[in-house]
Amino acid sequence: MKIGIAGFAGSGKSTVFHWLTGDAPDPSRAQQGQIGKPLVPDPRLEFLSGLFNPKKTTPTRMEMLDTPGLHPTERRDNPRRLAIMRDVNSLMVILTGHGGGSLVDELRRFREELIFADLEIVANRIDKVKDLLKKSRPVKQKELDQIEIDLLQRIAGCLEKGEGAAAAHLKPEEEKLIRSFQLLTLKPELVFVNIGDDGIGKPLPAELLKVAPTAIQAPAKLEMELSELSEEDRQAFMQDMNLTGFSRDETLRKIFAGMGQIVFFTVGEDECRSWAIPKGATAPQGASEIHTDLERGFVRAEVVGYDDFKKHGSMKEAKLHGVYRLEGKTYVVHDGDIMHILAST
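This is a predicted model, so every value here is computed, not measured.

The rules we used
- Per chain, residue numbering runs from 1 following the sequence as it is written.
- Confidence filtering applies because this is a predicted model: local features only for residues at pLDDT of at least 70, side-chain atom pairs given and counted only at 80 or more, and all residues used for totals across whole chains, interfaces and linings.
- Heavy atoms throughout the structure, all of them, feed into the side-chain values; hydrogens and water do not.
- Definitions used for this entry: grid spacing 1 Å over protein atoms alone; cavity, a set of points where a 1.4 Å probe fits but cannot get out; pocket, an open set with protein on both sides within 12 Å along at least 5 of 7 lines; lining residue, one with an atom within 4 Å of a point.
- Grid points are joined across faces, edges and corners, and a volume is the space filled by probe spheres set on the points.
- Note on conventions: DSSP H or I runs of at least 4 residues are helices, E runs of at least 2 residues are strands, and numbering of each starts at the N terminus.
- The rule for pairing is simple: two strands pair if DSSP sees at least two bridges between them.
- All axes here are fitted lines through C-alpha atoms, helices being fitted over the stretch that makes contact, and every angle between N-to-C directions spans 0 to 180 degrees.
- By the definition adopted for this analysis, an angle is roughly parallel if under 35 degrees, roughly antiparallel if over 145, roughly perpendicular if from 65 to 115, and oblique otherwise.
- Working rule for handedness: look at the near helix, and if it is turned counterclockwise from the far one by less than a right angle, call the crossing left-handed; if clockwise, right-handed.
- By definition, residues are in contact when any of their heavy atoms lie within 4.5 Å.
- Basically, the charged four are Asp, Glu, Lys and Arg, the nonpolar ten are Ala, Val, Leu, Ile, Met, Phe, Trp, Tyr, Cys and Pro, and anything else, Gly included, counts as polar.
- We call a residue buried when its accessible area falls under 20% of the maximum for its residue type, exposed when it is over 50%, and partly exposed in between, using a 1.4 Å probe and counting protein chains only.
- Salt-bridge detection follows one rule: a side-chain nitrogen of Lys or Arg within 4 Å of a carboxyl oxygen of Asp or Glu.
- By nonpolar core is meant a set of buried Ala, Val, Leu, Ile, Met, Phe, Trp, Tyr and Cys residues that side-chain atoms within 4.5 Å join together.
- To estimate how far a helix should extend, the number of its residues minus one is multiplied by 1.5 Å.
- Taken from the helix axis, the directions to the C-beta atoms give the arc we talk about.

Draft legend 1. Examining the layout of surface pockets more closely. The computed volume of the largest pocket comes to approximately 840 Å³. Forming the boundary of the largest pocket are 29 residues, of which Val 88, Asn 89, Ser 90, Pro 188 and Pro 278 lie nearest the centre. Examining the composition of the lining of the largest pocket, we find that 6 residues originate from one element, strand S9 (residues 271–278), more than from any other. There is about 260 Å³ of room inside the second largest pocket.

Shown next as structure tokens:
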């Protein structure tokens, strides 16, 4: 999963990137974007690894792309800056949670920049396909071109109304048709409010949660400073400041879940590993994360939920208590499932 970290200049997004990834911002990558790959801590994987004692333990990683900050007033260069993250899976929007500005207004202006950038892409493509229709082309190709124009004009209508491409409610085949355009307003979004010291202990504004229900908050700059202290001093300071809910590990888990991701586990003496998949994915789709051959030849999955496995302590006991089961191609994977994929060769 690749996440684009974006926001206006001065929002503190590079500080958030530094805190979450552990990688200091590289000035030479300021215009191209910088990649960091933090692990997603999961106590469940630690428990399984301790039980199976494998040769290797592999947690899930997130790939985070720190992008150039957008200009709040000079918009002409913003589409280029946003283009850097068109290949990401989802967006994490950093809002300035200090200074007294309106978070709702800042988010609205950021979403307008996404719409503006997408509309430029869609309008250019419409003009190009219209030119193609004027040329001598096979009838079948012209029919496909007209289908594409109709779809793009529908999306353009949504963008022009300020609603984003998601408001077009695209069918799977329509999404596939325009996938190569990598429209930003179709990507999942998580709002991260970068609060200052004065925001600690305060809830997010209700008006923000109306337009961004999954928004999270943390004092990234303060957390960066705390990371330089000894663990004892850090814990004491965090307790005094009521910062127990702002740990880096917990924030990474919130981001992971907020992006609509879950994990399943594979276990054994050779390796215990967590695999990231979108919520709602089926067992064959999960199998494809391990290897595409497992999806093509999928027969069934042997599954036990993590809580059931932990309760009974072993696969043998899980089977005896009837919580170790066989699932077919339509099974929707649950967060924490331990799976063994059976596939034909």
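Draft legend 2. Examining the sheet that holds strand S4 (residues 63–66) more closely. If you walk across this open sheet you meet the 6 strands as S2-S4-S1-S5-S6-S7, and the pairing is mixed. Two strands lie at the open edges of the sheet, namely strand S2 (34–36) and strand S7 (216–218), each paired on one side alone. In this sheet, adjacent strand axes meet at a mean angle of 25 degrees when their direction is disregarded. The sheet contact formed by strand S1 (residues 2–6) and S4 spans 4 bridges and is parallel. Each residue of the ladder has a partner; that of Ile 5, found in S4, is Asp 66.

Draft legend 3. Structural context of the packing of helix H4 (residues 103–133) against helix H5 (residues 139–160). Between H4 and H5, whose axes approach to 9 Å, the crossing angle comes to 155 degrees. Viewed along their axes, H4 and H5 adopt a mutual orientation that is roughly antiparallel. You can see that H4 and H5 cross each other, and the crossing is left-handed. Across the interface between the two elements, Ile 115, Asp 118, Leu 119, Val 122, Arg 125, Ile 126, Val 129, Lys 130, Leu 132 and Leu 133 from H4 touch Lys 142, Asp 145, Gln 146, Glu 148, Ile 149, Leu 152, Gln 153, Ile 155, Ala 156, Leu 159 and Glu 160 from H5. Classifying every residue of the contact of H4 with H5 gives 12 nonpolar, 2 polar and 7 charged.

Draft legend 4. Spotlight on the environment of Asp 150. Its location among the elements puts Asp 150 in helix H5. With 24 residues separating them along the chain, Asp 150 and Ile 126 place their C-alpha atoms 9.1 Å apart.

Draft legend 5. Local environment of the pairing of S1. Within S1, 5 of the 5 residues are buried, leaving the element largely enclosed by the surrounding structure. Side-chain alternation along S1 places Lys 2, Gly 4 and Ala 6 on one buried face and Ile 3 and Ile 5 on a second face that is also buried.

Draft legend 6. Molecular detail of the pattern of salt bridges. The tally for this structure, following the rule as stated, stands at 23 salt bridges. In this structure, Lys 13 and Asp 66 form a salt bridge, with 3.1 Å as the shortest nitrogen-oxygen distance. Taken together, the residues Lys 13 in helix H1 (residues 13–21) and Asp 66 in strand S4 connect sequence positions 53 residues apart. Comparing Lys 13 with Asp 66, the two get one shared label, buried. Notably, a salt bridge pairs Asp 42 with Arg 44, separated by 2.9 Å at the nearest N-O pair. Each member of the pair, Asp 42 as well as Arg 44, carries the same accessibility label: buried. Three or more residues are tied together by salt bridges with common partners; here these are Asp 105, Arg 108, Arg 109 and Glu 112.

Draft legend 7. A look at the side chain of Arg 81. You can see Arg 81 is positioned in helix H3 (residues 78–83). For Arg 81, a relative accessible area of 11% gives the class buried. In contact with Arg 81, other than residues within four places in its own chain, are Gln 31, Pro 68, Gly 69, Leu 70 and His 71.

Draft legend 8. Spotlight on the pairing of strand S10 (residues 298–304). Among the 7 residues of S10, 5 are classified as buried, and the element is accordingly described as predominantly covered. As judged from the 3 bridges shared by S10 and strand S11 (residues 325–327), these two strands associate in the antiparallel manner. Note on S11: the bridge partner recorded for Glu 302 is Leu 326.

Draft legend 9. The nonpolar core, seen in detail. Membership of the largest hydrophobic core comes to 34 residues, with the highest contact counts inside it found for Leu 20, Met 62, Met 64, Met 92, Phe 192 and Ile 255. The leading source of residues in this core is H1, at 4 residues. Excluding anything up to four places from it in sequence, Met 92 contacts Ile 3, Gly 4, Ile 5, Ala 6, Val 16, Leu 20, Leu 190, Phe 192, Ile 255 and Met 259.

Draft legend 10. How the structure looks around H5. An ideal rise of 1.5 Å per residue puts 32 Å on 22 residues; H5 measures up with 31 Å between its terminal C-alpha atoms. Taken residue by residue, H5 has Asp 145, Glu 148, Ile 149, Leu 151, Leu 152, Ile 155, Ala 156, Cys 158 and Leu 159 as its buried positions. Summarising the contacts, the buried residues of H5 are in contact with H4 and helix H6 (172–177). Looking one or two residues beyond H5, the residue adopting positive phi is Gly 162, at roughly 80 degrees.

Draft legend 11. Layout of helix H2 (residues 43–52). Among the residues of H2, those classed as buried are Arg 44, Leu 45, Leu 48 and Ser 49. All buried residues of H2 project into a common sector of 135 degrees when viewed along the axis, lining one side. Residues of H2 that are exposed and point over 90 degrees away from its buried face: Glu 46 and Gly 50. The inward-facing, buried residues of H2 contact strand S3 (56–58), strand S8 (261–266), S9, helix H13 (306–312) and strand S12 (338–343). Asn 53 occupies a position one or two residues after H2 and carries a positive phi of about 50 degrees.

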